[in-house]
Structure formats: structure tokens, C-alpha cells
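Next come the chains, spelled out residue by residue.
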Amino acid sequence: MSKVSVEIPDELLEDLDEHVGDDAKFVNRSDAVRASIRKTLDRLDEIDERQGRLEEDDE
């Protein structure tokens, strides 16, 4: 798995940390960031599909 480094505003990081921990949705920040990226990419794919910009798979 590759590592990336990003700069995140403190306010956004504090918000993220509210969802990370033993009693929270995510085990750690990395899990939270990965889930966020996946969800964002899924939404972008949905938008592209509605706009006719997604190529269909040849199966």
C-alpha cells in the first residue's frame, strides 16, 4: 500500500478526529481518509455516468 502526505486544515482534522477512535466509526485516521476518498470517487463516477462521461466496460 502506498503512503501519501497531505496538508489538512486544523478545523477539518478536528472534525475527522471526532469520528475516529474506540467508540467511533473508524479505527484510525487512515481508515477514515480511505473511506472518504472511496465515497467521493463513487459519487464522481455517479455524476459522470449521469452526464454520459463514463465509458462502459466491454464484457
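So, a few notes on the structure that sits alongside this text. Just so you know, these numbers come straight off a predicted model, no measurement behind them. (Residues numbered from 1 in each chain as written. Predicted model: local features only at pLDDT ≥ 70, side-chain atom pairs only at ≥ 80, totals over all residues. Heavy atoms only, no water.)

**Description of helix H2 (residues 29-50)**
1) Next: A rise of 1.5 Å per residue sets the reference length of H2, with its 22 residues, at 32 Å; its end C-alpha atoms lie 32 Å apart and thus fit the reference within 8%.
2) Next: The N-capping residue of H2, defined by a side-chain oxygen 3.1 Å from the backbone nitrogen of Ser 30, is Asn 28.
3) Next: Following H2 by one or two positions, Gly 52 adopts a phi angle in the positive range, close to 75 degrees. (Helix = DSSP H or I, 4+ residues; strand = E, 2+ residues; numbered from the N terminus. Expected span 1.5 Å × (residues − 1). Polar contact = N/O pair within 3.5 Å; in protein donor to acceptor, adjacent residues only side chain to side chain.)

**So, the layout of surface pockets**
1) Next: Taken as a whole, the largest pocket spans an internal volume of roughly 480 Å³.
2) Next: Lining the largest pocket are 13 residues, with Lys 3, Val 4, Ser 30, Val 33 and Arg 34 positioned closest to its centre.
3) Next: In terms of residues, the lining of the largest pocket owes the most to one element, H2, which gives five residues.
4) Next: Split into classes, the residues belonging to the lining of the largest pocket amount to seven nonpolar, three polar and three charged.
5) Next: Taken as a whole, the second largest pocket encloses approximately 180 Å³ of empty space.
6) Next: Lining the second largest pocket are Ile 8, Leu 12, Asp 15, Leu 16, His 19, Phe 26, Ala 32, Ala 35 and Ser 36.
7) Next: Of all the secondary structure elements, the ones that give two or more residues to the lining of the second largest pocket are helix H1 (10-17) and H2.
8) Next: The class makeup of the residues in the lining of the second largest pocket is six nonpolar, two polar and one charged. (1 Å grid on protein atoms, 1.4 Å probe; cavity = no way out; pocket = protein on both sides within 12 Å on 5 of 7 lines; lining within 4 Å. Points joined across faces, edges and corners; volume = space filled by probe spheres on them. Nonpolar A, V, L, I, M, F, W, Y, C, P; charged D, E, K, R; others polar.)

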